[in-house]
Amino acid sequence: MSGGSFLNHIVSLSLSLSLESSKRRTTMRTAMLRSIHSSLQKSSSSSLLRRSYSSESAPQRKVAVLGAAGGIGQPLALLMKLNPLVSSLSLYDIAGTPGVAADVSHINTRSEVVGYMGEENLGKALEGADVVIIPAGVPRKPGMTRDDLFNINAGIVKGLCTAIAKYCPHALVNMISNPVNSTVPIASEVFKKAGTYDEKRLFGVTTLDVVRAKTFYAGKAKVPVAGVNVPVVGGHAGVTILPLFSQATPQANNLSDEEIVALTKRTQDGGTEVVEAKAGKGSATLSMAYAGAIFADACLKGLNGVPDVVECSFVQSNITELPFFASKVRLGKNGVEEVLGLGSLSDYEKQGLEALLPELKSSIEKGIKFANQS
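Everything numeric here is computed off the predicted structure, so don't read it as measured data. (Residues numbered from 1 in each chain as written. Predicted model: local features only at pLDDT ≥ 70, side-chain atom pairs only at ≥ 80, totals over all residues. Heavy atoms only, no water.)

Draft legend 1. Expanded view of the nonpolar core. With 48 residues, the main nonpolar core has L66, L126, V132, I134, I164 and F191 as its most contacted residues. Counting residues per element, this core draws most heavily on helix α6 (residues 150-167), which supplies eight residues. Residue contacts for I134: discarding those within four places in its chain leaves L66, L160, C161, I164, V173, N174, M175, I176 and S177. Counting residues in hydrophobic clusters, the runner-up holds 45 residues, among them V113, F203, C299 and L303. (Core = buried A, V, L, I, M, F, W, Y, C linked by side-chain atoms within 4.5 Å. Buried < 20%, exposed > 50% of the residue type's maximum accessible area, 1.4 Å probe, protein only. Helix = DSSP H or I, 4+ residues; strand = E, 2+ residues; numbered from the N terminus. Contact = heavy atoms within 4.5 Å.)

Draft legend 2. Quick look at the state of the cysteines. Considering all chains together, one arrives at zero disulfides under this definition. A disulfide-free cysteine, C161 has its sulfur positioned 9.7 Å from the sulfur of C168, the nearest such atom. For C161, a relative accessible area of 0% translates into the label buried. (Disulfide = S-S within 2.5 Å.)

Draft legend 3. Layout of the pairing of strand β4 (residues 131-134). In β4, alternate side chains face the same way, and those of V131 and I133 on one face and V132 and I134 on the other are all buried. In this structure, strand β1 (residues 62-66) lies alongside β4, joined through three bridges in parallel fashion. What sits directly across from V65, in β4, is I133. Where β4 meets strand β5 (residues 172-175), four bridges bridge the pair, whose relative direction is parallel. The residue bridging V131 from the neighbouring strand is L172, located in β5. (Pairing = 2+ DSSP bridges.)

Draft legend 4. Looking closely at the packing of aromatic side chains. The tally for this structure, following the rule as stated, stands at four aromatic pairs. Summarising the aromatic geometry, the rings of F203 and F295 are spaced 5.4 Å apart at their centres and angled 65 degrees between planes, so their arrangement reads as edge-to-face. Of this pair, F203 sits in strand β6 (residues 202-204) while F295 sits in helix α11 (residues 286-303), placing them 92 residues apart in sequence. In this pair, the class of F203 matches that of F295, namely buried. Measuring from ring centre to ring centre gives 5.8 Å for Y217 and F245, while their planes differ by 10 degrees; the resulting arrangement is stacked. Of this pair, Y217 sits in helix α8 (residues 207-221) while F245 is found in the loop between β8 (241-243) and α9 (257-268), placing the two residues 28 residues apart along the sequence. (Phe/Tyr/Trp six-rings, centres within 6.5 Å; stacked < 30°, edge-to-face > 60°.)

Draft legend 5. Structural view of helix α7 (residues 180-194). Taking 1.5 Å of rise per residue, the 15 residues of α7 would be expected to cover 21 Å, and the 21 Å separating its terminal C-alpha atoms lies within 8% of that figure. With 12 of 15 residues buried, α7 is to be regarded as a mostly interior element. Every buried residue belonging to α7 is among V180, N181, S182, T183, V184, P185, I186, A187, S188, E189, V190 and F191, and all of these are buried. Positive backbone phi, approximately 75 degrees, marks G195, located one or two places after α7. (Expected span 1.5 Å × (residues − 1).)

Draft legend 6. Structural detail: the pairing of strand β11 (residues 335-339). In this structure, strand β10 (residues 324-332) lies alongside β11, joined through four bridges in antiparallel fashion. Following the sheet pairing, R330 is matched in β11 by E338. Where β10 hands over to β11, the hairpin turn is made up of two residues, counted between the paired strands.

Draft legend 7. A look at unusual backbone geometry. Between N178 and the following residue, P179, the backbone shows a cis peptide bond with an omega angle of 0 degrees. Among the structural elements, P179 can be located in the loop between β5 and α7. Between T249 and the following residue, P250, the backbone shows a cis peptide bond with an omega angle of -5 degrees. Relative to the assigned elements, P250 resides in the loop between β8 and α9. If you check the backbone angles, K222 has positive phi at about 60 degrees while not being a glycine. With respect to the element layout, K222 can be found in the loop between α8 and β7 (232-234). K222 sits in the exposed class, given a relative accessible area of 69%. Its identity is not glycine, yet D308 carries a phi of approximately 55 degrees, on the positive side.

As C-alpha cells, then:
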C-alpha cells in the first residue's frame, strides 16, 4: 500500500487551512478529507473499484490506541485522527494522555477524542472499541535486540490483553509492541484463557517491513515508489523478515543477485539502521506510526465491507508448520477472511524461508511459555 499521497494531502490540508478564511476552511476541509480517503483507497494493490465512504456515511467506528503518549503512540494518534473512517478515538497510556488527547482533539476532523490515563481507566478506554492498536512498551536502544525487549514488553502486553478480553473481546487487535514474534502468541494465550480467542481478530503489524521493502526497492530499481508492491513474509525481527522481491511489482530486471541480497539485508536491519542513526535517542517511531495507521485503515475498510483489502500481517496460519506466520491476508468484516499462500519463491527466498523457521519457532514458543507461566 502506498502512502506518499496520503501524507502529501495531510500537509496540503494544513497549509491550505492556515491561509483560507473561515468559510473557505469548511469547504477545503470537506474536499480534502474526501481526497485523503480517496488516496488511501487508490494506494491498495487491488485493481478493483472499491466502495467509497465519506465521513458522513461511514459506520461509527471506535479505535483505541494503547500507549498513546509514547514515541509511536503520539504520531499514530495524529494519523488516526486524520482518518475519516474513525468516529471515536480513544487514547490510553499510564501517563501523559490528557495532553496528547487535548492536542489531537483540536484537529477539525470527524472523530471525537477522549484521553484516559492510568490503569483504573483502561476499561473505559476499551469499551466498545472496534479496533485496538497496541504500540505500548519501551523502545529499543543501541545494542539492544528485539529479544532484549521481551521481559519488559511481554508483561505490558499481557496486562493490556487481559483487559481487552474483558472489555472489548470482539475488537480487531493490532499488535505493534515488540517483539511481535512473541507478543502475538502471548496475546493469543491470554485470550484463550479468557475464552475470547478468535484467530481472525489478532494481527501482528508487520507493515513497516513492507513499507521499508517498497522504499528500498523503488530507490534501487529507480521506479516510482507509489506504484511499488513487495510482499514481506515470515516474522518481524531480523532474519525472520523475508521480503519477496521476486514478486515485486513493477518487476525490475536491472537488479543483480547481489543487489537483491543487499536489499533483503537492509529490510531486515531497517530498525537497527534507525536506532543507530538516532544515536540512542529513539527508535523507528514515525515510520512505525505511519505503518500502523496504514494497517489500521485496512482493518477499518475490511470491517466496513470494502472488498479485496489485502495486507501482510503476522497471524495464526497453517501455510507453514508454525502456528503463526506473516503473509498476505485478505481482510473483511470478521477480520481475517483468508490467509493467502506464499506463491512462487526464488531459490534465494526458499533458502531464506528455511533459515528463518527455527528462530521464528523459538520466538513463538517463548511467548507461549511466558503467557502460561503465571
